[in-house]
Amino acid sequence: MKIATYNVNGIKARLPRLLEWLDETKPDVACLQELKSSDETFPEADIRAAGYGAIWHGQKGFNGVAILARGDDPVERLRGLPDDPDDTHSRYLEAEVEGVVIASIYLPNGNPQPGPKFDYKLKWFDRLAARAAVLLEQELPTVLAGDYNVVPTDDDIWAPRGLQGDALVQPESRAAFRRFAAQGWTDALDARHPNEKMWTFWDYQMNAWPRDAGFRIDHLMLSAEAADRLIDAGVDRDYRGREKASDHAPTWITLR
């Protein structure tokens, strides 16, 4: 099974690129983030015509997550994280596909920091960790995939000094990521390529893509049951260089 995560940065604006990627790489499951589309305007017909069933949790103009399954319909398990009834952001969607539990995650950016947006990021991460602990107790192969908006270490960024004040690299953000991973989650890309610098995001500004000035914020975190099945992991970086592309590249794993 090939499972991918892809922050599309606006599904309607990037639909040709998304459909192109689905056709050329044929992931069995695709977790999408930053749809920037309401539930009503999600392009379900185009996705189904490409051979994929879908569930989605939209929000007009902001956020939004989806899970696509090739030749199948994902079975929804949870929409949104519990324990904050006032949270209106569409950032978490959980489903089951062929016996694998999969979540599409769009963690808050947190900028500017310090401030309420950064506080919300950390509290959201705590709620994600609480849900992740419940999932581990179920002892099912589980993949938590998405844009975590955290650069785990300085080795995961082209130039650490350039992001010094950014919420993505703050000690509190990295500590939250470490605590979450320490529950028993395997960072698939790091596990398969421990000594390689593999970026998943290149900003539109500062000529970042031509200079390869990127960093890694898209992660596929695996439960022990999924990690035991891990065959490979990678980044479809060439799709970042195509016309009117997202600023993220699709990131994927294959499981036995």
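No experiment lies behind these values; they were computed from the predicted model shown. (Residues numbered from 1 in each chain as written. Predicted model: local features only at pLDDT ≥ 70, side-chain atom pairs only at ≥ 80, totals over all residues. Heavy atoms only, no water.)

1. Some words on the overall build of the protein chain
This is how it is decided: Numbering of helices and strands runs from the N terminus, with a helix taken as a DSSP run of H or I at least four residues long and a strand as a DSSP run of E at least two residues long. Both definitions apply: the radius of gyration is a C-alpha atom measure, and the globule rule equals 2.2 Å times residues to the power 0.38. Buried means the residue's accessible area, taken with a 1.4 Å probe over protein chains only, is under 20% of the maximum for its type, while exposed means over 50%, and partly exposed covers the values in between. Pairs of residues are marked as contacts when any of their non-hydrogen atoms sit within 4.5 Å.
Scanning the protein chain from terminus to terminus reveals seven helices and twelve strands. Here the C-alpha radius of gyration of the protein chain, 17 Å, is about what a compact globule of 256 residues would show, namely 18 Å. Judged by the C-alpha coordinates and their principal axes, the protein chain covers about 45 × 45 × 40 Å. Within the protein chain, buried positions represent 57% of all 256 residues. By sequence separation, contacts in the protein chain at least 24 residues apart represent 69% of the contacts at least 6 residues apart.

2. Looking at the nonpolar core
For the record, the criterion: Among buried residues, the Ala, Val, Leu, Ile, Met, Phe, Trp, Tyr and Cys ones that are joined through side-chain atoms within 4.5 Å form a nonpolar core.
Judged by nonpolar contacts, the single largest core of 31 residues is most densely connected at Ile3, Ile102, Val143, Leu222, Ile253 and Leu255. Residues in contact with Ile102, not counting those within four places in the same chain, are Ile3, Val29, Cys31, Ile67, Leu93, Glu94, Ala95, Val97 and Val143.

3. Quick notes on the environment of Gln183
Which entries qualify depends on this criterion: Identification of polar contacts relies on pairs of N or O atoms within 3.5 Å, with a donor-acceptor requirement for protein atoms, meaning one able to donate a hydrogen and the other able to accept it, and with residues adjacent in sequence counted only if both atoms are side-chain atoms.
Relative to the helices and strands, Gln183 is located in the loop between α4 (171-181) and β9 (186-187). Linking Gln183 and Ser223, residues 40 residues apart in sequence, is a C-alpha distance of 9.3 Å. If near-sequence neighbours (up to four positions away) are discounted, Gln183 is found in contact with Ala129, Ala132, Ala133 and Leu136. Among the polar contacts made by the side chain of Gln183, one reaches the main-chain carbonyl oxygen of Ala129 at a distance of 2.8 Å.

4. So, the pattern of salt bridges
What counts, and what does not: By salt bridge we mean one thing: a side-chain nitrogen of Lys or Arg within 4 Å of a carboxyl oxygen of Asp or Glu.
Within the structure shown, the criterion is met by 19 salt bridges. A salt bridge links Lys36 to Glu34; the nearest nitrogen and oxygen atoms lie 3.7 Å apart. In this structure, the salt-bridge partner of Glu94 is Arg77, at a minimum N-O distance of 2.6 Å. With Glu94 in strand β6 (residues 92-97) and Arg77 in strand β5 (residues 75-79), this residue pair connects regions lying 17 residues apart in the sequence. Here Arg77 falls in the partly exposed class, since its relative accessible area comes to 30%. What you see here is one network of salt bridges that share partners, running through Arg17, Glu20, Glu24 and Arg242.

5. Considering helix α1 (residues 15-25)
Selection rule: The arc in question is formed by the directions pointing from the helix axis toward the C-beta atoms.
When we look at burial in α1, the residues that qualify are Leu15, Arg17, Leu18, Trp21, Leu22 and Thr25. Angularly, the buried residues of α1 cover 165° about the axis, an arc narrow enough to put them on a single face. Check the buried side of α1 and you find it contacts β1 (2-7), β2 (29-33), α2 (44-49), β3 (52-57) and β4 (65-70). Among the residues trailing α1, Lys26 stands out with phi positive, at a value near 50°.

6. Section: the side chain of Gln59
Residue placement: Gln59 occurs in the loop between β3 and β4. One polar contact links the side chain of Gln59 to the main-chain amide nitrogen of Ser90, over a distance of 2.8 Å. In this structure Gln59 touches Lys36, Ser37, Ser38, Thr88, His89 and Ser90, once residues within four positions along its chain are discounted.

7. Regarding the environment of Arg174
Checked against the element boundaries, Arg174 lands in helix α4. A C-alpha to C-alpha distance of 6.7 Å links Arg174 and Val150, two positions 24 residues apart in sequence. Each residue touching Arg174, except ones within four places of it in the same chain, is listed here: Val150, Val151, Pro152, Thr153, Asp154 and Val169. From its side chain, Arg174 meets the backbone oxygen of Pro152 in a polar contact 3.4 Å long.

8. What about the sheet that holds strand β10 (residues 218-222)?
Put simply, the rule reads: Any two strands with at least two DSSP-identified bridges between them are counted as paired. Note on geometry: axes are C-alpha line fits, over the in-contact stretch for helices, and angles between N-to-C directions span 0 to 180 degrees.
A sheet is described by the order of its strands in space; here six strands give the open sequence β5-β6-β7-β8-β10-β9, paired in mixed fashion. With partners counted over all chains shown, the strands left at the sheet margins are β5 and β9, one partner each. Docked against the sheet, helix α3 (residues 116-137) engages β5, β6, β7 (100-106) and β8 (142-147), running at close to 20° with respect to β6. Running over the sheet, α4 touches β8, β9 and β10 and is turned about 25° from β10.

9. Concerning the pairing of β7
The element β7 is largely enclosed, with a buried count of seven among its seven residues. Side chains Val100, Ile102, Ser104 and Tyr106 project from β7 onto one buried face, and the interleaved Val101, Ala103 and Ile105 project onto a second face that is buried too. With six bridges joining them, β6 and β7 adopt antiparallel strand pairing. Looking at β7, one finds that Glu94 is bridged to Ala103. Bridging between β7 and β8 involves six bridges; their strand directions are parallel.

10. Some details on α4
Of all the positions in α4, only Ser173, Arg174, Ala175, Ala176, Phe177, Phe180 and Ala181 are classed as buried. On its buried face, α4 is in contact with α3, β8, β9 and β10.

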